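# Commentary on secondary and tertiary structure
So the chains spell out like this:
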Amino acid sequence: MKLSVTDHRSSINVVKTSFVCEKEGMMKAVTGSRLRTEWTPEIYDEEDMVKTADRIFAEVVETDPEYIHEDDLLRYMAKEDVDNAIPLFQGATDTGKIKKSSFKKWAVDAYKDRKSLANSFKSTKTAIDELDKILTGITVIAVILVWLLLIGLVTTKVIVFISSQLFLLTFMFGNTCKTIFESIIFVFVLHPFDLDDRCSIDGVQMVVEEMKLLTTVFLRYDGEKIIYPNSVLTTKPIGNFYRSPPMGDSVEFAIDFSTSTQTLDALKERIKGYVESKPHRWNKDHSVLVKDIVNVNQMNIGVYVTHTINFQNPGRKNIRRSDLLLELKKIFEELHIKYHLLPQEVHLKSIDSAPPAFPITRR
């Protein structure tokens, strides 16, 4: 389950049984508490993370091989940390125990989060190195000029002459300097995204692939890489799904105008029951509204719900939406809710009949 920025990153600190760090190009799992056996595996990809999660799960469980119970966690963590950790695993809030599949899913998410964080540090370091080269060059030139002026090798008139030439060069390279300055402000001050964040720019959803001082590389949904100058991005509104709170969704449909009020009330109750039965997927605050009545024939209904995740992972969001649509279909069938079109005028014309061979005259 993809968590919000605050919850997901804090979960790595809360659940001390495992966290992932990067060192010398290799991912290693490090345990915050001593397990029954001394063990430090090396993690290179998600498959290794799944194997590591299986091993940690086997080490933590005590009596039930299929679930981690609260008592199992209390052997390694404080009661307060356990209470904070349980809601981070899908389905654990209702049952009070953690399924193996939920634990592995959380471990993979933690791995991805740490890997993304490490890549962000690398990308930021690259931008800082580029900025350092520019500032170092400017500083060296300024020190040389001051040194020559102090030892008397150049006079004030020479400095004035060089300054006038530099002033002329600003007309040639002024736009480049402006671009560099805007890029510095964008990367180090605004910083609207990090590596692997899903963003929306000009209505197109893209994932941040690489960040440099002057440009940012995005990966579009179809795999195409798009390079944006950072100076251009400063002028565009940027939506960031990863930094967004839990996001809303809606489903709209039409039902027959003859549907009774009792049936509508039953529809609302069924939808409410479904949403509240899955607190790990949906926020309990939702609404079912009649949006419009068309031609005294149909009623347009809107169901508005809030996910417990943002849309950083669109696949997970689409699965939840699909399940909601299937549940609505099931409710429609059980409550016999239908929609009938108005009677339509139909014109029939035979294309096989041939015209008469001779004209018919009426008298």
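Small disclaimer: the values here were computed from a predicted structure and weren't measured. (Residues numbered from 1 in each chain as written. Predicted model: local features only at pLDDT ≥ 70, side-chain atom pairs only at ≥ 80, totals over all residues. Heavy atoms only, no water.)

## Focus on the layout of surface pockets
A volume near 430 Å³ is recorded for the second largest pocket. In this structure, the second largest pocket is lined by 16 residues; those nearest its centre are I134, I138, I141, F173 and C177. Counting residues per element, the ones that place at least two in the lining of the second largest pocket are α6 (100–151) and α7 (156–190). In terms of residue count, α7 provides more of the lining of the second largest pocket than any other element does, 10 residues in total. Residue composition of the lining of the second largest pocket, by class: 13 nonpolar, three polar and no charged. (1 Å grid on protein atoms, 1.4 Å probe; cavity = no way out; pocket = protein on both sides within 12 Å on 5 of 7 lines; lining within 4 Å. Points joined across faces, edges and corners; volume = space filled by probe spheres on them. Helix = DSSP H or I, 4+ residues; strand = E, 2+ residues; numbered from the N terminus. Nonpolar A, V, L, I, M, F, W, Y, C, P; charged D, E, K, R; others polar.)

## With respect to the pairing of strand β8 (residues 215–220)
As defined by bridge partners, strand β7 (residues 204–211) adjoins β8 across five bridges and the pair is classed as antiparallel. Directly across from E210, in β8, lies its bridge partner V217. Connecting β7 to the next strand, β8, in antiparallel fashion are three residues. By the bridge criterion, five bridges tie β8 to strand β9 (residues 225–229) in an arrangement that is antiparallel. Within the sheet, the bridge partner assigned to V217 lies in β9 and is I227. Where β8 folds back onto β9 in an antiparallel hairpin, the turn is made up of four residues, including G223, whose phi is positive at roughly 95°. (Pairing = 2+ DSSP bridges.)

## With respect to empty space enclosed by the protein
A probe as big as a water molecule, rolled over the atoms, marks out the empty space that is left. Counted by the stated rule, this structure contains two cavities of 30 Å³ or more. Its boundaries defined by the atoms lining it, the second largest cavity holds a volume of some 30 Å³. Every residue along the wall of the second largest cavity is listed here: L264, L267, K268, V288, L289, V290 and I301. Only α9 (261–276) and β12 (287–294) provide two or more residues apiece to the lining of the second largest cavity. Looking at side-chain class alone, the lining of the second largest cavity contains six nonpolar, no polar and one charged residues.

## A closer look at unusual backbone geometry
The phi dihedral of H191 is positive, around 40°, even though this residue is not glycine. Within the secondary structure, H191 is located in the loop between α7 and β6 (198–201). The class of H191 is partly exposed, set by a relative accessible area of 22%. Positive phi is not limited to glycine here, since D196 has a value of about 75°. Structurally, the position occupied by D196 is in the loop between α7 and β6. (Buried < 20%, exposed > 50% of the residue type's maximum accessible area, 1.4 Å probe, protein only.)

Spatial relationships are all this shows, so hold off on functional conclusions.
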